[in-house]
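Coordinate analysis (summary)
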Amino acid sequence: KITDADVSTQILFNRTMVMLGLCAFRAGLIWDAHQCLMEICSSRVRELLAQGVQSMRYSEKNAEQEKAERRRQTPYHMHINQDLLEACHLISAMLLEVPNMATEEISERPRVLSRHFRKHMDIFSRQVFTGPPENTRDHILCAAKALALGDWRECARLVVELDVWDLIPGTGEAEKVKAMVREKIKAEALRTYLFARADAYDALSLERLCATFEMPERTAHGLVSKMMITKE
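Just so you know, these numbers come straight off a predicted model, no measurement behind them.

Quantified by volume, the second largest pocket comes out at close to 500 Å³. Taken together, 21 residues form the lining of the second largest pocket, with Q10, I11, N14, R44 and L48 sitting closest to its centre. Those elements that place two or more of their residues in the lining of the second largest pocket are helix 1 (7-26), helix 2 (30-41) and helix 3 (45-48). No other element matches the 6 residues that helix 1 contributes to the lining of the second largest pocket. Per-class residue counts for the lining of the second largest pocket are 9 nonpolar, 6 polar and 6 charged.

In structure tokens form, the structure reads like this:
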């Protein structure tokens, strides 16, 4: 029903959803984080959070509407950092979408979980020359390519070395989030590897998987068992 509410309430709703998404990400709830951030981060983020006015040459707004919009802007000290927001959104999309993309060849009904992420990956992979990553988005897209190839170490390095983690409030919280992201990357790299390379093996030993992805036997066993239960 939020679309029927007044603009101020909509802004408050958007900001609340974004904060919930960031909290879910820090708690390691990747699916929930993606669901909260997906809609707002896929379009005009600054405008939806009242953190800036997008100037458009052929705007349909008159002078009064523009003034009202400027009055609604949140003060700078209340701004949600957009770099951190984009990082959390794209990393959660990467962790969900890369294993999903690996299943497309074997799946009867392929489905897209994040169109926004797919669009960026498509543009990135079509570039003739790709230089070293410069901004947050570039780092995550390079990490996604590494993850798709099963290179979890390179993927984790690119994600963990981002500067945005320093913006997470609380002593030692940044390190906790980095450790959580690293573990999630390992788990999704294992799943992606099994999806992508399934036709090359008759059998896989659990010891080999644990050594390759540097995870305890119990964790690897749990991941593979879950995949069997869900008929993946």
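With that settled, consider the side chain of H34. Within the fold, H34 resides in helix 2. Here H34 is in contact with H89, S92, A93, L96, L113 and S114, once residues within four sequence places are set aside.

Okay, the pattern of salt bridges next. Across all of its chains, the model carries 11 salt bridges by this definition. Residue E161 is joined to R157 by a salt bridge in which the shortest nitrogen-to-oxygen separation is 3.1 Å. R157 gets classed as partly exposed once you look at its relative accessible area, which sits at 41%. Three or more residues joined by partner-sharing salt bridges are found here, namely R26, E173 and K176.

What follows is about the side chain of K178. Looking at the secondary structure, you find K178 in helix 9 (residues 173-197). Not counting residues within four places of it along the chain, the set of residues in contact with K178 comprises V160 and W165.

All right, on to the environment of D83 then. Here D83 shows up in helix 5 (residues 82-102). Here D83 falls in the partly exposed class, since its relative accessible area comes to 38%. Note: C-alpha distance between D83 and R137 (54 residues apart in sequence) is 8.8 Å.

Here we take up helix 6 (residues 115-125). Of all the positions in helix 6, only H116, F117, R118, H120, M121 and F124 are classed as buried. Residues of helix 6 that are buried in the fold lie against helix 2, helix 5 and helix 7 (136-148).

Across soluble globular proteins, you tend to see nonpolar side chains buried next to one another. F25, M94, F117, W165 and I185 are the most contacted members of the largest nonpolar core, which has 63 residues in total. In terms of residues, this core owes the most to one element, helix 5, which gives 12 residues. Excluding residues that lie within four positions of it along the chain, W165 makes contacts with F25, L84, I91, V159, V160, A174, V177, K178 and V181.

Attention now moves to the packing of aromatic side chains. In this structure the tally under the stated criterion is 3 aromatic pairs. Ring geometry for F25 versus W165: centroids 6.1 Å apart, planes at 5°, classification stacked. Placement of the pair is F25 in helix 1 and W165 in the loop between helix 8 (152-160) and helix 9, with a sequence separation of 140 residues. Given the relative accessible area of 1%, W165 is considered buried. One aromatic cluster in this structure is built from Y193, Y201 and F213.

Right, let's talk about the environment of D163 for a bit. Looking at the element boundaries, D163 is found in the loop between helix 8 and helix 9. What makes D163 exposed here is its relative accessible area of 64%. Taking the C-alpha atoms as reference points, D163 and Y76, 87 residues apart in sequence, are found 21 Å from one another.

The terminal C-alpha atoms of helix 7 lie 19 Å apart, and with 13 residues this matches the ideal 18 Å at 1.5 Å per residue to within 8%. Along helix 7, the residues that are buried comprise T136, H139, I140, L141, C142, A143, A144, A146 and L147. Next to the buried residues of helix 7 lie helix 5, helix 6, helix 8 and helix 9. Following helix 7 by one or two positions, G150 has its phi on the positive side, about 85°.

Definitions and cut-offs
- Residues numbered from 1 in each chain as written.
- Predicted model: local features only at pLDDT ≥ 70, side-chain atom pairs only at ≥ 80, totals over all residues.
- Heavy atoms only, no water.
- 1 Å grid on protein atoms, 1.4 Å probe; cavity = no way out; pocket = protein on both sides within 12 Å on 5 of 7 lines; lining within 4 Å.
- Points joined across faces, edges and corners; volume = space filled by probe spheres on them.
- Helix = DSSP H or I, 4+ residues; strand = E, 2+ residues; numbered from the N terminus.
- Nonpolar A, V, L, I, M, F, W, Y, C, P; charged D, E, K, R; others polar.
- Contact = heavy atoms within 4.5 Å.
- Salt bridge = Lys/Arg side-chain N within 4 Å of Asp/Glu carboxyl O.
- Buried < 20%, exposed > 50% of the residue type's maximum accessible area, 1.4 Å probe, protein only.
- Core = buried A, V, L, I, M, F, W, Y, C linked by side-chain atoms within 4.5 Å.
- Phe/Tyr/Trp six-rings, centres within 6.5 Å; stacked < 30°, edge-to-face > 60°.
- Expected span 1.5 Å × (residues − 1).

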